[in-house]
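Letter by letter, the chains look like this.
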Amino acid sequence: MMDEILEQPDALARALQAEREHTREFQRFCARQNFTLIVLVARGTSDNAALFGRYLLELTTGIPVSLAAPSVHTLYHARLNLRRALVIGISQSGEGTDINLALQASRRQGACTVGITNEPRSAMASLVDEVFLVRAGRQRSVAATKTYTGQLLMLYLLASALGREVTLDAVAEIPSHVRQALRLAPAIRPLVERYRYMHECAVVARGLNYANAFELSLKLMETCYVVAERFSAADFLHGPIALVERDFPVILFMPPGKTFAEMKRLAARLRKLRAEILVVTSSEARLRPATRALQIPGAIPELYTPIPYIVPGQLFAALLAEAKGIDPDQPRSLKIVTRTR
Ligand code: AGP
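In this report, we go over the structure that sits alongside the text.

Cut-offs used in this document
Residues numbered from 1 in each chain as written. Predicted model: local features only at pLDDT ≥ 70, side-chain atom pairs only at ≥ 80, totals over all residues. Heavy atoms only, no water. Near = heavy atom within 4 Å. Polar contact = N/O pair within 3.5 Å; in protein donor to acceptor, adjacent residues only side chain to side chain. Areas by Shrake-Rupley, 256 points an atom, 1.4 Å probe, with all protein chains shown as cover. Nonpolar A, V, L, I, M, F, W, Y, C, P; charged D, E, K, R; others polar. Domains from an automatic or database assignment. Salt bridge = Lys/Arg side-chain N within 4 Å of Asp/Glu carboxyl O. Helix = DSSP H or I, 4+ residues; strand = E, 2+ residues; numbered from the N terminus. Buried < 20%, exposed > 50% of the residue type's maximum accessible area, 1.4 Å probe, protein only. Pairing = 2+ DSSP bridges. Axes fitted to C-alpha atoms, helices over the stretch in contact; angles between N-to-C directions. Contact = heavy atoms within 4.5 Å. Phe/Tyr/Trp six-rings, centres within 6.5 Å; stacked < 30°, edge-to-face > 60°.

## Topic: the site of the ligand
Moving on, step 1. Around the ligand lies a shell of 14 residues, among which S46, S91, Q92, S93 and E222 are the nearest.
Moving on, step 2. S93 is positioned such that a nitrogen or oxygen atom in its side chain is 2.6 Å from an oxygen atom of the ligand.
Moving on, step 3. Between an oxygen atom of the ligand and a side-chain N or O atom of E222, the distance comes to 2.4 Å.
Moving on, step 4. Burial of the ligand by the surrounding chains reaches 90%, relative to a free accessible area of 420 Å².
Moving on, step 5. For the shell around the ligand, the residue count by class is four nonpolar, seven polar and three charged.
Moving on, step 6. Residue-level mapping places the shell around the ligand at the junction of two domains, with at least three residues from each of domain 1 (2-172) and domain 2 (183-323).

Right, dumping it as structure tokens:
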């Protein structure tokens, strides 16, 4: 897991370089299609990438985006009108049974289908109209890290093909932001000692980083066996905040930008409750009233924070697993490919 976390800057730069021309071709194709709906379909970490894609694509293309419920296709066999829809499947392995069935059904129902996968010879790659390859190198760890950030990168490329706000030049800066985030590893190693006996926590974010709350929670559950609940900062105030008492751990993603003021108000409330607060942020953000912060060096525009912001979370999970004496590469009861219907 740690090796794959460290591979990310090179993997992202390689994937961007390899998919640049393809992105421009896809942009010309999209200009002729007039898509009125985008649907994302995925499981696990790939579904967390899809959740990010929902925010990114709605914010930057103006096209409504929905997250598919695979059972609508695989168990209920519903007939949907998907003419003028772009259906995007995301799967590291490209072998998720229900994801591939949903893509096949969507194609029959009139959709144009795109697959985002790390495996060029997978079932997914052979059944979709367009393939965007993550090119992260073979994933060996059960816990996905480099393929998650690679999937997010592919979603930026799709956003640049479908809208005007995301530019390939800005996307090209992401690998260097990730390199900066990796510099936090020596600070995180001693920090995890404080959390060695943590059994439960909440991870909270809003907007573009909401998906990272899901992804960090998943990493903490599968590699550290911590019951990690994830919330939007708004939903957290509608009930779950009642869980918080003195020393209850809450991890907050606090990028600069639209969500910052609300996250800061939440941090202040949590501080009054004497929660154990850990913040992921970058240098533009003011850190009070956080008790502890993982601060990524450099200024990152909010739109491009999600990839570098998950990196301290990945390091935290991998190092916490090590501190707890758990092998994060072999979580109990899990395999790299999980087949569900
Ligand atoms: C990732 O850390 C998980 N082990 C798991 O959720 C995984 O992402 C999921 O099974 C999806 O697999 P896929 O991307 O190969 O379809």
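## A word on the pattern of salt bridges
Moving on, step 1. Applying the stated criterion to the full structure yields 17 salt bridges.
Moving on, step 2. Of the charged contacts, one joins E4 and R140 as a salt bridge, the two residues approaching to 4.0 Å between their closest N and O atoms. Here E4, found in helix α1 (residues 2-6), pairs with R140, found in the loop between β5 (130-133) and α7 (146-162); they are 136 residues apart in sequence, far enough to count as distant.
Moving on, step 3. Owing to a relative accessible area of 2%, E4 belongs among the buried residues under this scheme.

## Description of the sheet that holds strand β4 (residues 112-117)
Moving on, step 1. Taken in spatial order, the five strands of this open sheet run β2-β1-β3-β4-β5, and their pairing is parallel. Each edge of the sheet is formed by a strand with only one pairing partner; in this case those strands are β2 (65-67) and β5. Direction aside, neighbouring strands of the sheet carry axes that sit 20 degrees apart on average.
Moving on, step 2. As paired elements, strand β1 (residues 37-42) and strand β3 (residues 85-91) share six bridges and run parallel to each other. Counted as the bridge partner of V39 is V87 from β3.
Moving on, step 3. Against the sheet, helix α2 (residues 8-31) touches β3, β4 and β5, its axis set at about 150 degrees to β5.

## What about the packing of aromatic side chains?
Moving on, step 1. Under the defined criterion, the tally for this structure stands at eight aromatic pairs.
Moving on, step 2. Relative to Y156, the ring of F52 has its centre 5.3 Å away and its plane inclined at 55 degrees; by these criteria the two rings are tilted. Of this pair, F52 sits in helix α3 (residues 44-61) while Y156 is found in helix α7, placing the two residues 104 residues apart along the sequence.
Moving on, step 3. Residue classification places F52 among the buried residues on the basis of a relative accessible area of 0%.
Moving on, step 4. Using a relative accessible area of 0% as the deciding quantity, one classes Y156 as buried.
Moving on, step 5. For the pair Y195 and F316, a centre-to-centre distance of 5.3 Å together with 75 degrees between the ring planes defines the contact as edge-to-face. Of this pair, Y195 sits in the loop between α10 (185-191) and β6 (200-205) while F316 is found in helix α14 (residues 306-324), placing the two residues 121 residues apart along the sequence.
Moving on, step 6. The class of Y195 is buried, set by a relative accessible area of 4%.
Moving on, step 7. Taken together, F26, F29 and F132 form an aromatic cluster joined through their ring pairs.

Interpretation note: all reported values are geometric properties and have no functional meaning in isolation.
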